[in-house]
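Here are the chains, one letter per residue:
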Amino acid sequence: MSDQNGLAGQLLSNAMSEVEWLEYETLILEVSDFGDTSEIDGLLCMGWLAGEELASAAFIGRYFHPAENTEALPRVSDFLRRHAAWVEQRCARPPAELSDAVPQLRFDFDPDAEQWHISFDAQLWLLGWRRGVADFATPELGIDSRLMRAYVLICMAAEQTDEVFADGGLDEEFEVPDGVDQKEYVEQLLDLASPQELAISEGVSMAMDLVPRVLPALREPDAVALDDQLAHLDADIERAWEQLNAEAEAEALDAGEGLYGARMDWVSGRDERLSEAFFAAADGGRLAQERLEQIETLWNTQIVAADGLPFEYVDGFLSAHRVTPNSDSFDLQHIMFPLFAEQAEGLDDDVVVELVRGLQDFHAHIGARGEVGESEQLQGVPAQVNRHLETDEAEAANLLGARWSEGFRAGLSYFCPVFGTYLQQDQMLFALILPMIQLSFQPEGLEHEFTLAERRELVAGIPETLVEIAKRMERQAHTPVRQADKVGRNDPCPCASGKKYKKCCGAS
């Protein structure tokens, strides 16, 4: 790290006055698509972390281009060079160790402050950071998993902010009423810029409070100094991490996605659809109800009666095969025979052939039953939702979908041994698969006692959910795995449960 006195001296030689900074903010609108210097600062911070040569000719040419004001670019280039020098200086040491000559990173605009200082808009800063994540190489953060967690925390806040902007959450216009004086105008602007008005969630605010302290730790080469910094950050990072994940989960549930199968329409009428018509066949490759019953009856009389696996388990096992990327590489015959090989030893050849043909038809049915149009009802629900409804409610709440879940878990382990890696890299995939697993297995720290209504809702949504799982699994199969994303068995689980990986995603 640079000497502190040297930092201060370098800063003084590059410092911009208030007039110059305002000129800088004005000119960037003419030669770039940045919102203001807040967004540029986020980009520069991410570039510093990724080891980019900030303010180089190549860097400037990448983001700044002369428009109507052809003379603006050289002036902006000089401002950017000085801005980049400030970023490098303040990221060199924690805020508490910086001299008074080095302005800190601030996100708290105060119009009544006696002394002028630069304060950035938190959301625009995060948008700049997210742009850098997309444009620059993945930073080398060493082997300390705490650094990755701190880095991911900022990226999570940036992703949430990007979604708010993408959804038009900040597009409302603000008009100052006639007759409002300057002070009232400033106060109303501040109200408009409050976290609540700008949809800055509590989790994002907590993350932004940590940013000035987190950034210097991310490239700290001294192990002792790093431990000292992280010792003062760990608890705050954990709280912000849990809050952001809780907000993401709540938003997903509100959007009809999330931990219980993306099926929140249950409360608005799904219960009335659990009729004979609900299970009827439709076009698109799904089997007729008569054929489904024929296949299951044959299985029950020939296999289950001989202490074989229940058909519900078979449904889950074959469902796991259908969602596995490159599943065509598996010989379907070799998949099916282990499901009933022992019971088939005493069966006639014709019966075995009929069983195999039935499973082949059912395997194709699984791949089609979740593909429904907007006007069509969900068809071919696995495990027949009403199977356990005649039993005591408490017992049904523990039985419905459990054997399907066991088969699904076994199938994932057999067909896709790397699915745990996919879950680490895609939080929504984790949210879709977790309740499938919870139907029969409770990972430590993620226990959930389902009500009967929840189980019915979840099982009814399985066909649709499998379609989404298959898409996300396929996407992950073609996404390069970054070395820095690897998680040790004793590291915190990337799903943000707060548990060790070996006792969470690594366990199932």
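Please read all numbers here as calculations on a predicted model, not as lab measurements. (Residues numbered from 1 in each chain as written. Predicted model: local features only at pLDDT ≥ 70, side-chain atom pairs only at ≥ 80, totals over all residues. Heavy atoms only, no water.)

Colleague: Looking at this structure, how should I read the overall build of the protein chain?
Modeller: When you go through the protein chain residue by residue, the secondary structure sums to 21 helices and zero strands. Buried residues in the protein chain amount to 46% of all 508 residues. Residue pairs in contact within the protein chain that sit at least 24 positions apart in sequence constitute 74% of those at least 6 positions apart. Roughly 25,200 Å² of accessible area belongs to the protein chain as shown, and the carbon and sulfur atoms make up 47% of that amount. (Helix = DSSP H or I, 4+ residues; strand = E, 2+ residues; numbered from the N terminus. Buried < 20%, exposed > 50% of the residue type's maximum accessible area, 1.4 Å probe, protein only. Contact = heavy atoms within 4.5 Å. Areas by Shrake-Rupley, 256 points an atom, 1.4 Å probe, with all protein chains shown as cover.)

Colleague: Can you walk me through the pattern of salt bridges in this structure?
Modeller: In a structure, side chains of opposite charge can pair up when their charged atoms sit close to one another. One pass over the full model with this rule turns up 15 salt bridges. Asp78 serves as the salt-bridge partner of Arg82, at 3.1 Å between the closest nitrogen and oxygen. Of this pair, Arg82 and Asp78 both sit in helix 5 (residues 72–90), four residues apart, which is roughly one turn of the helix. In this structure, Arg130 engages Asp162 in a salt bridge whose closest nitrogen and oxygen atoms are separated by 3.2 Å. Pair noted here: Arg130 is in helix 6 (residues 122–135) and Asp162 is in helix 7 (residues 145–166), with a separation of 32 residues, a long-range link. Judged by relative accessible area, Arg130 falls into the partly exposed class, the value being 31%. Salt bridges linked by common partners bring Glu20, Asp78, Arg81 and Arg82 together as one network. (Salt bridge = Lys/Arg side-chain N within 4 Å of Asp/Glu carboxyl O.)

Colleague: Any chance you could explain the packing of aromatic side chains here in plain terms?
Modeller: Aromatic ring pairs are described here by two measures, namely the spacing of the ring centres and the angle between the planes. The full count for this structure, using the stated rule, is 20 aromatic pairs. Ring geometry for Phe107 versus Trp125: centroids 5.7 Å apart, planes at 85 degrees, classification edge-to-face. Highlighted residues: Phe107 in the loop between helix 5 and helix 6 and Trp125 in helix 6, separated in sequence by 18 residues. The rings of Trp21, Tyr24, Phe79, Trp86 and Phe120 are connected pair by pair, giving a single aromatic cluster. When the ring centre of Trp86 is taken as origin, the NZ or CZ atom of Arg90, which lies over that ring, is 4.5 Å away. Sitting over the ring of Phe34, Arg131 keeps its end group 4.6 Å from the ring centre. (Phe/Tyr/Trp six-rings, centres within 6.5 Å; stacked < 30°, edge-to-face > 60°. Lys NZ or Arg CZ within 6 Å of the ring centre and 35° of its normal.)

Colleague: Got a minute to help me understand the confidence of the model for the protein chain in this structure?
Modeller: Interpretation of the predicted coordinates at a detailed level should be avoided for regions scoring low in pLDDT. Summarising the model, the protein chain shows a mean pLDDT of 75, and 70% of its residues fall at 70 or more. No element of the protein chain has a lower mean pLDDT than helix 1 (residues 4–14), at 41, and none a higher one than helix 3 (residues 37–49), at 94. For the stretch residues 192–197, pLDDT sits under 50, and the model shows seven contacts to residues farther than four places along the chain or on other chains. Below a pLDDT of 50 lies the segment residues 481–485, which in the model reaches six contacts outside its immediate sequence neighbourhood of four places, other chains included. (pLDDT = per-residue confidence, 0-100.)

Colleague: What exactly am I supposed to notice about helix 14 (residues 332–344) here?
Modeller: Owing to its 3.6 residues per turn, the α-helix aligns residues three or four sequence positions apart on the same side. Over its 13 residues, helix 14 runs 17 Å from end to end, which matches the ideal 18 Å to within 8%, given 1.5 Å per residue. Within helix 14, the axis deviates most sharply at Pro338, by approximately 55 degrees. Among all positions of helix 14, only Ile335, Met336, Leu339, Phe340, Gln343 and Ala344 are buried. Buried residues along helix 14 sit against helix 12 (289–302), helix 13 (311–323), helix 15 (349–369) and helix 17 (402–415). (Expected span 1.5 Å × (residues − 1). Bend = angle between axes of the 7 residues up to and from the residue.)

Colleague: I'm lost on the environment of Leu244 in this one. Help?
Modeller: Within the secondary structure, Leu244 is located in helix 11 (residues 234–254). Remark: the alpha-carbon pair of Leu244 and Ser205, spanning 39 residues in sequence, is separated by 9.7 Å.

Colleague: Is there a simple way to think about a negative patch on the surface in this case?
Modeller: On the surface, a cluster of negative charge is made up of Asp348, Asp349, Asp350 and Glu354. Its relative accessible area of 62% is what places Asp349 among the exposed residues. (Patch = residues over 30% accessible without salt bridge, like charges linked within 9 Å, V, L, I, M, F, W, Y side chains within 5 Å. Lys, Arg positive; Asp, Glu negative; His and termini not counted. Charge placed at Lys NZ, Arg CZ, Asp CG, Glu CD.)

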